[in-house]
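Single-letter residue listing:
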Amino acid sequence: MELKATENQRMIADMVRDFGAKHIKPKMREWDESQEFPVEVFKQLGELGLMGVLVPTEYGGSGFGYLEYVTAIAELSKIDGSIGLSMAAHNSLCTGHILQFGNEEQKQKYLPKLATAEWIGAWGLTEPNTGSDAGNMRTVAVQDGEYWVINGAKNFITHGKTGNVAVVIVRTGEVGDSHGMTAFVIEKGTPGFSAGRKEDKLGMRASETTELIFQDCRVHQSQILGNVGEGFIQAMKVLDGGRISIAALSLGIAQGAFEAALAYSQERSQFNKPISSFQGIAFKLADMATEIEAASLLTYQAADMKNRGLNVNKESAMAKLYASEVSVRVANEAVQIFGGYGFTKDYPAEKYYRDAKLCTIGEGTSEIQKLVISRAILK
Ligand SMILES: Cc1cc2nc3c(=O)[nH]c(=O)nc-3n(C[C@H](O)[C@H](O)[C@H](O)COP(=O)(O)OP(=O)(O)OC[C@H]3O[C@@H](n4cnc5c(N)ncnc54)[C@H](O)[C@@H]3O)c2cc1C
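Residues numbered from 1 in each chain as written. Predicted model: local features only at pLDDT ≥ 70, side-chain atom pairs only at ≥ 80, totals over all residues. Heavy atoms only, no water.

As annotated in an unreviewed UniProt entry, the chain is Acyl-CoA dehydrogenase family protein from Pontibacter ruber. Looking at the chain in UniProt, the text filed under Sequence similarities (unreviewed entry) is "Belongs to the acyl-CoA dehydrogenase family." The record held by UniProt for the chain lists under Cofactor (unreviewed entry) the comment "FAD". (UniProt positions renumbered as here; feature names shortened; annotations may be inferred.)

Here is the structure:
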């Protein structure tokens, strides 16, 4: 088993670290406080090729595989989970859906703009009453000749307001029929399509999360991705890959929290000794490092399998489940190691702690990952 980082992974990690030190670290506290999504930084990351990591070069992307993708998200999330989350949603969900299921014309039209972040992408599956039970959605599209008329609302949508284009999955058949949903690609400015309320969140505050509202929104049939009735099945496939990106996000947050706690434990003295010399603290660090290593192995295993074209349904759910729970545990211990200072905004621990929690919820909660894993092993 080859575990050494490739030249491309090392290059990407260095590039992200340099960029983050110059353009993210100095402002991230401010964005977190004000809940500002830094569009300009997002676009600069696009210029570096990080918004179309998996998009082939003929569509203007970087043409890398999942190993490089995981490295990029993890490195970015070590610095700021919010930007990591936005990058994951843009690449895996909106862009990933068009890349996997768009026809040639749709790919030519949208991928070059998305891969360079000239356009920002959103992806709408969740609704106010249907999160884990997404197949029970009520937003509906009714056919009218060559057009479809969409009514309803999606919520918790990353880049719902700033996004220039959204892929949305809506009902076109009976409730309860997994073949009764269809994916549409819809541009901002389409009459009847607007952003609603912006969420005021615990963490990931610089990643924008809003409602999407559809009021008699007419879209042409050429905006359907794949065929009518395939939307839900497509979404599940998109999420299989997307979960690798949330595992990478979790890994990065855990690594960032660990590195901060490790350094602090060697600087902070109590009883005339660095606190790292107390076994109670050293053992916490040992547990954190071990769990991060295990999360990393699961994440890169899923990435490697995805690169080889294998079914990663179970492995991506395992990576997402484990890495996200580790992220929460590690961030929690980091706050503990920082003591009272960990509870203040003068140190990074509290932000990792707030940001980590999203990882056990977004793109399927931990409970839903266990459902996916148990179905795979019990069949
Ligand atoms: C910051 C953020 C960004 C997001 N971005 C997007 C996005 O871009 N696009 C998008 O479509 N969605 C997005 N989401 C939505 C996210 O995917 C959902 O929040 C998530 O799937 C959970 O759905 P829910 O919030 O409705 O919780 P619910 O489904 O109501 O779950 C509530 C609780 O019940 C548990 N539960 C539910 N069903 C079961 C079951 N069968 N067995 C055991 N336990 C169960 C859950 O695990 C959870 O603990 C985002 C959410 C957040 C917070």
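Right, let's get into the UniProt feature "domain: Acyl-CoA oxidase/dehydrogenase middle" (unreviewed entry) in the chain. Per the UniProt entry, the sites bearing "domain: Acyl-CoA oxidase/dehydrogenase middle" (unreviewed entry) are residues 123–217 in this numbering. As a span, residues 123–217 carries 0% helix and 51% strand, and end to end its C-alpha atoms are 17 Å apart. (Helix = DSSP H or I, 4+ residues; strand = E, 2+ residues; numbered from the N terminus.)

A word on unusual backbone geometry. Residues other than glycine seldom take positive phi values, yet Asp-216 does so here, at roughly 45 degrees. Mapped onto the elements of the fold, Asp-216 is located in strand E7 (residues 209–220). Phi angles above zero are rare outside glycine, and Phe-271 is one such case at about 50 degrees.

In this fold, Thr-158 is placed in strand E3 (residues 147–158). Overall, Thr-158 belongs to the buried group, its relative accessible area being 16%. With near-sequence residues (within four places) excluded, Thr-158 lies in contact with Ser-86, Ala-89, Gly-121, Ala-122, Trp-123, Ser-207, Glu-208 and Thr-209. (Buried < 20%, exposed > 50% of the residue type's maximum accessible area, 1.4 Å probe, protein only. Contact = heavy atoms within 4.5 Å.)

Ile-24 and Met-87 are the most contacted members of the largest nonpolar core, which has 66 residues in total. Per-element accounting of this core gives the leading share, 13 residues, to helix H7 (residues 231–267). Apart from residues no more than four positions distant in its own chain, Ile-24 is found in contact with Phe-19, Trp-31, Val-41, Leu-76, Ile-79, Asp-80 and Ile-83. With 28 residues, the next largest nonpolar core counts Ile-98, Leu-125, Ile-169 and Met-181 among its residues. (Core = buried A, V, L, I, M, F, W, Y, C linked by side-chain atoms within 4.5 Å.)

Turning our attention to the packing of aromatic side chains. This model, assessed by the stated rule, comprises 10 aromatic pairs. For the ring pair Phe-37 and Phe-42, a centre distance of 5.2 Å and an interplane angle of 65 degrees mean the geometry is edge-to-face. According to the relative accessible area criterion, Phe-37 is buried, its value standing at 9%. A centroid spacing of 6.2 Å and a plane angle of 45 degrees characterise the contact between Tyr-110 and Trp-119, whose relative ring orientation is tilted. You can call Trp-119 buried: its relative accessible area is 18%. Joined through ring pairs, the aromatic side chains of Tyr-264, Phe-338, Tyr-341 and Tyr-347 make up one cluster. Above the ring of Trp-119, the side-chain terminus of Lys-113 is found at 4.9 Å from the ring centroid. The ring centre of Tyr-147 lies 4.9 Å from the NZ or CZ of Arg-218, which sits over that ring. (Phe/Tyr/Trp six-rings, centres within 6.5 Å; stacked < 30°, edge-to-face > 60°. Lys NZ or Arg CZ within 6 Å of the ring centre and 35° of its normal.)

This part takes up helix H6 (residues 104–115). Along an α-helix, residues three or four positions apart point the same way, because every turn accommodates 3.6 residues. Here H6 is 12 residues long and its end C-alpha atoms lie 16 Å apart, about the 16 Å a rise of 1.5 Å per residue gives. Among the residues of H6, those classed as buried are Gln-106, Lys-107, Tyr-110, Leu-111, Leu-114 and Ala-115. Looking down the long axis of H6, one finds its buried residues gathered within 120 degrees of arc, a one-sided arrangement. Elements in contact with the buried residues of H6: helix H3 (39–47), helix H5 (81–101), strand E1 (121–124), strand E4 (165–171), strand E5 (181–187) and strand E8 (224–225). The first or second residue beyond H6 is Ala-117, which carries a positive phi of 65 degrees. (Expected span 1.5 Å × (residues − 1). Arc of directions from axis to C-beta.)

What follows concerns the environment of Ala-356. Along the chain, Ala-356 falls in helix H10 (residues 349–356). Judged by relative accessible area, Ala-356 falls into the buried class, the value being 0%. Separated by 270 residues in sequence, Ala-356 and Ser-86 have C-alpha atoms that sit 14 Å apart. Residue contacts for Ala-356: discarding those within four places in its chain leaves Ile-253, Ser-327, Val-328 and Ala-331.

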